[in-house]
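Given next are the chains, with one letter for each unit.
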Amino acid sequence: MDKVNLGKGGVHLRIHNIIPHFIDLYESKKDLSILDLEAYIDENTEVFNYYFPNHCPKTEERLQAAIEKYPTKMGDIHIMSERLPKIIKEIDELYIKTYNDDLNIRYTLLVGTYGSNAFVTREIKGDIYFAVEKLSPEVEHLKVITAHEIGHVTHFSFAARQGMDWTTVDWTHGLTTLYTEGAATYLSKKIVPGLNESVYFTYDEGGDSWVTCYQENKTEVKRRFFEDVLSGWNIEKEKEWFRLSGGDYFGHNRLGYLLGTDYVEHLVNTIGEEAALVFWNGNDVKKDILMWLEK
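Remember, it's a predicted structure, so these values are computed and weren't measured experimentally.

This paragraph deals with the overall build of the protein chain. The number of helices and strands found in the protein chain is 14 helices and five strands. Taking 2.2 N^0.38 as the reference for a compact globule, 295 residues should give roughly 19 Å; the C-alpha atoms of the protein chain span a radius of gyration of 19 Å, in line with that estimate. Summarising its shape, the C-alpha atoms of the protein chain cover approximately 60 × 45 × 35 Å along the three principal directions. Looking at the protein chain, you have 32 positive and 47 negative side-chain charges, and the mean spots of the two groups are 3 Å apart.

Now for helix α14 (residues 285-294). Within α14 the residues assigned to the buried category are Val285, Ile289, Leu290, Trp292 and Leu293. Projected down its long axis, α14 carries its buried residues within an arc of 160°, all on one side. Those residues of α14 that are exposed and angled more than 90 degrees off the buried face are Lys287 and Glu294. For α14, the elements touching its buried residues are α7 (174-191), α10 (218-230) and α12 (255-271).

Counting buried positions along strand β5 (residues 127-131) gives five out of five residues, so the element sits mostly inside the fold. Taking every second residue as pointing to the same face, both faces of β5 are buried, with Asp127, Tyr129 and Ala131 on one and Ile128 and Phe130 on the other. Pairing between strand β4 (residues 118-120) and β5: three bridges, direction antiparallel. Each residue of the ladder has a partner; that of valine 120, found in β5, is isoleucine 128.

The calculated volume of the largest pocket comes to roughly 1200 Å³. Taken together, the elements giving at least two residues each to the lining of the largest pocket come down to α3 (45-51), β4, α6 (139-161), α7 and α11 (235-242).

For strand β3 (residues 106-110), the tally of buried residues reaches five of five residues, placing the bulk of the element in the interior. Alternating residues of β3 divide into Arg106, Thr108 and Leu110 and Tyr107 and Leu109, and every residue in both groups is buried. Where β3 and β5 come together, five bridges link them in parallel fashion. Each residue of the ladder has a partner; that of leucine 110, found in β5, is alanine 131.

A few words on the pattern of salt bridges. Once the charged atoms of two side chains with opposite charge are near each other, the side chains can pair. Here the structure, examined in full by the defined rule, presents 15 salt bridges. Lysine 73 is paired through a salt bridge with aspartate 76; the nearest N and O atoms lie 3.2 Å apart. Under the relative-accessibility criterion, lysine 73 is labelled buried at 13%. A salt bridge links aspartate 262 to lysine 218; its shortest N-O distance comes to 3.1 Å. One end of the pair, aspartate 262, is in helix α12; the other, lysine 218, is in helix α10, and 44 residues separate them in sequence. Three or more residues joined by partner-sharing salt bridges are found here, namely Glu90, Glu140 and Lys143.

Cut-offs applied
- Residues numbered from 1 in each chain as written.
- Predicted model: local features only at pLDDT ≥ 70, side-chain atom pairs only at ≥ 80, totals over all residues.
- Heavy atoms only, no water.
- Helix = DSSP H or I, 4+ residues; strand = E, 2+ residues; numbered from the N terminus.
- Rg over C-alpha atoms; globule rule 2.2 N^0.38 Å.
- Lys, Arg positive; Asp, Glu negative; His and termini not counted.
- Charge placed at Lys NZ, Arg CZ, Asp CG, Glu CD.
- Buried < 20%, exposed > 50% of the residue type's maximum accessible area, 1.4 Å probe, protein only.
- Arc of directions from axis to C-beta.
- Contact = heavy atoms within 4.5 Å.
- Pairing = 2+ DSSP bridges.
- 1 Å grid on protein atoms, 1.4 Å probe; cavity = no way out; pocket = protein on both sides within 12 Å on 5 of 7 lines; lining within 4 Å.
- Points joined across faces, edges and corners; volume = space filled by probe spheres on them.
- Salt bridge = Lys/Arg side-chain N within 4 Å of Asp/Glu carboxyl O.

In structure tokens form, the structure reads like this:
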């Protein structure tokens, strides 16, 4: 059901939490079956129409594998069903306080089948989904991923207020993803400062080797990304650089997030935060990134 909280200044915060539906189903069954999981999905078609297939493939193998993983995650799922709405409220209010902009975001909390951990819908700038089976229940980790996803909506809002023509955005290109993920990570570091660097990229404490790999191979990472762009972008390259299923080049996935954050921080240092976060409106951000990659 939709749970409406009052945020700062009486702002309505819309949180649609279907995690309790899953918990009730799981605890009512001796052994959860694929049919049971499909019933949960079918009862929440509005939610899962966004989740499948763009953020997770829906196959019998995927559903069965998820069922086998749930038992070790149920304690965390219980915790996050209670904890995450409170954290969303806190971070949402921090964004309003920092940028004086009520984005009227609709948040959806679900238990998925081990695909994406969180995402923002492209069709409606303002809907954020969290799939908690893929998240750490630690407070600081939840704060960072919440700040990252709200960062996307905030970033889009800055450009929209300047009259951004969204038809000019090539959403499927890696240079666009690099810029938008970099902006969201930059904003998450500003809103939830002072944490271990890797937390801003992996949303847990297991990412130190990931960040070290990037730092030690930065020149080569930039060169390889540059070459991938010049040779033509495709879904396999998108997976390699920005999806959990990547990591063939350097042994770590989603290195494009670190690359994007470096680029946005470079842009902020060069032209200032406000100009950097609306740079794709009226400027050739793809060309600028390519010039930066060559340096």
